[in-house]
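Descriptive structure summary
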Amino acid sequence: MSNAAAPVADSTANWVDTHAPVWMRPYLRLSRFDRPIGWWLLLMPCWWSAALAAGIARDLHSLPKVIVLFLIGAMVMRGAGCTWNDITDRKLDAKVERTRSRPIPAGQVSVAQAGAFLVLQALVGLAVLLQFNRFAVLTGIASLVIVAVYPFMKRITYWPQVTLGLAFSWGALMGFAVILGQINATALVLYAGSIAWVIAYDTIYAHQDTEDDIMVGIKSTALLFGERTQLALTIFYSLAVVLIGVALRLGGSGWLAWIGLAAFAAHLVWQVRTIRIDDSALCLRLFKSNRNAGLLLFAGLLGDAVLRSA
């Protein structure tokens, strides 16, 4: 295909553009390996739930393996999801300045090639999933329905971020399914809290594209909230903190977990106070900073699990 070495417009200098073999670059861009923030954000609820479930079980025996498998799974399945998104959105991407140089609309990869790459990534994800118990395998497979419909939601509702939240927060259920072999009330509340978090941070992300979205008819919470975005972020981030706090309470978490939640909340407050929706570069920086927010909470949950298992 032509222009195989050309970087994607909504990417920055990275190892894919500078060190990866030229023939491989379009495929790595399809799976967004040039922008790791996506798999980090998909991974965070997985790690939260794994650490919280291990703390409840008071057993760290399987946690290191689960953490590594979740890392691999998040990287691969985020790539598969992005590839599916690019296949379904290829005509829309061609109309948006930030996305028109993505591999499919730029002619670097054909739809058939992208489809084959999607199958390959899905098979790797399945191989990771099969390392877990049967209940966890079925739980993981169930998420594919949400992933499949997500790209179409922005065409029909101003709330596509809810569907993204359902998909990106699925890991909040997976940790409990893997370690405890069940999904209980604690897991469900953690899942709900993560959904609220995703809605907020993806609203920040969507503010980069509001003008183009209006032009091509794409809907988002960024357009819905508009000048009320700061208030909406306050509501959804607050809901996330409260719900995650309820999950910690239900899970019997100790002081380290609560410190992690407090640090997470402080980071979200900083985002709300800092955001300017007309500054695309700032919106992107704040969106990416949610990895650090998630890691703060994970550190607290992991420390608590270690203390409880001692």
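Preceding this paragraph is the structure being described.
Rules behind the numbers
- Residues numbered from 1 in each chain as written.
- Predicted model: local features only at pLDDT ≥ 70, side-chain atom pairs only at ≥ 80, totals over all residues.
- Heavy atoms only, no water.
- Helix = DSSP H or I, 4+ residues; strand = E, 2+ residues; numbered from the N terminus.
- Rg over C-alpha atoms; globule rule 2.2 N^0.38 Å.
- Buried < 20%, exposed > 50% of the residue type's maximum accessible area, 1.4 Å probe, protein only.
- Contact = heavy atoms within 4.5 Å.
- Areas by Shrake-Rupley, 256 points an atom, 1.4 Å probe, with all protein chains shown as cover.
- Expected span 1.5 Å × (residues − 1).
- Axes fitted to C-alpha atoms, helices over the stretch in contact; angles between N-to-C directions.
- Left-handed = near helix turned anticlockwise from the far one by under 90°.
- Nonpolar A, V, L, I, M, F, W, Y, C, P; charged D, E, K, R; others polar.
- Salt bridge = Lys/Arg side-chain N within 4 Å of Asp/Glu carboxyl O.
- Core = buried A, V, L, I, M, F, W, Y, C linked by side-chain atoms within 4.5 Å.
- Phe/Tyr/Trp six-rings, centres within 6.5 Å; stacked < 30°, edge-to-face > 60°.
- Lys NZ or Arg CZ within 6 Å of the ring centre and 35° of its normal.

Before going further, it helps to spend a moment on the overall build of the chain. Tallying secondary structure elements over the chain gives 17 helices and zero strands in all. The globule rule puts the C-alpha radius of gyration for 310 residues at 19 Å, and the 19 Å found for the chain is close to it. For the chain, the proportion of its 310 residues judged to be buried stands at 55%. Sequence separation of at least 24 residues holds for 74% of the intrachain contacts in the chain that already meet a minimum separation of 6. Within the structure as shown, the chain displays about 13,300 Å² of accessible surface, and the carbon and sulfur contribution to it stands at 68%.

In this model helix α17 (residues 290-309) runs 29 Å from its N-terminal to its C-terminal C-alpha over 20 residues, within 8% of the 28 Å that 1.5 Å per residue would give. Residues of α17 that are buried in the fold lie against α3 (37-57), α4 (63-88), α11 (185-206), α14 (229-250), α15 (255-274) and α16 (280-288).

Turning our attention to the packing of α4 against helix α8 (residues 144-153). The interhelical angle for the contact between α4 and α8, taken along N-to-C directions, is 35 degrees, at an axis separation of 9 Å. Regarding α4 and α8, the two cross each other, and that crossing is right-handed. Between α4, through M77, G81, W84, N85 and T88, and α8, the contact on the second element is made entirely by L144, V147, A148, Y150, P151 and F152. In terms of residue class, the contact of α4 with α8 is made up of eight nonpolar, three polar and no charged.

With respect to the element layout, Q208 can be found in the loop between α11 and α12 (210-216). The class of Q208 is buried, set by a relative accessible area of 19%. For Q208, the residues in contact, after removing those within four places along its chain, are S280, C283 and L284.

Our next topic: the pattern of salt bridges. Opposite charge on two side chains permits pairing when their charged atoms draw close. Counted under the stated rule, the structure contains eight salt bridges. D279 is paired through a salt bridge with R276; the nearest N and O atoms lie 2.9 Å apart. Owing to a relative accessible area of 21%, D279 belongs among the partly exposed residues under this scheme. What makes R276 partly exposed here is its relative accessible area of 46%.

Here we take up the nonpolar core. Grouped together as the largest cluster of nonpolar side chains are 75 residues, with contacts concentrated most on L43, W48, F70, W197, Y237 and F264. A per-element tally of this core places α3 first, with 15 residues. Among residues more than four places away in sequence, those in contact with Y237 are W197, A200, Y201, I204, L268, Q271, V272 and N290. Residues L30, I87, V109 and L118 belong to the second largest nonpolar core, which totals eight residues.

With that settled, the discussion passes to the packing of aromatic side chains. The geometry of two aromatic rings is summed up by the distance between their centres and the angle between their planes. Inspection of every chain in the model, using the stated rule, returns 16 aromatic pairs. Relative to Y201, the ring of W197 has its centre 4.9 Å away and its plane inclined at 85 degrees; by these criteria the two rings are edge-to-face. Of this pair, W197 and Y201 both sit in helix α11, four residues apart, roughly one helical turn. Of the two residues examined, W197 and Y201, each falls in the buried class. What links up through ring pairs into an aromatic cluster is the set W48, W197, Y201, Y205, F264 and F287. Between K219 and the ring centre of Y158, over which it is positioned, the NZ or CZ distance is 5.8 Å. The side chain of R291 reaches across the aromatic face of W40, ending 5.4 Å from its centre.

Attention now goes to the environment of K154. Inspection of the secondary structure assignment puts K154 in the loop between α8 and α9 (160-168). Under the relative-accessibility criterion, K154 is labelled buried at 12%. With 67 residues separating them along the chain, K154 and T221 place their C-alpha atoms 9.6 Å apart. Among all residues touching K154, those that are not within four sequence positions of it are N85, D89, P160, G217, I218 and K219.

When you line up the elements, T229 lands in helix α14. By relative accessible area, which is 1% here, T229 ends up buried. Sequence-distant contacts of T229, defined by excluding residues within four places in its chain, comprise T203, H207, A222, I275 and I277.

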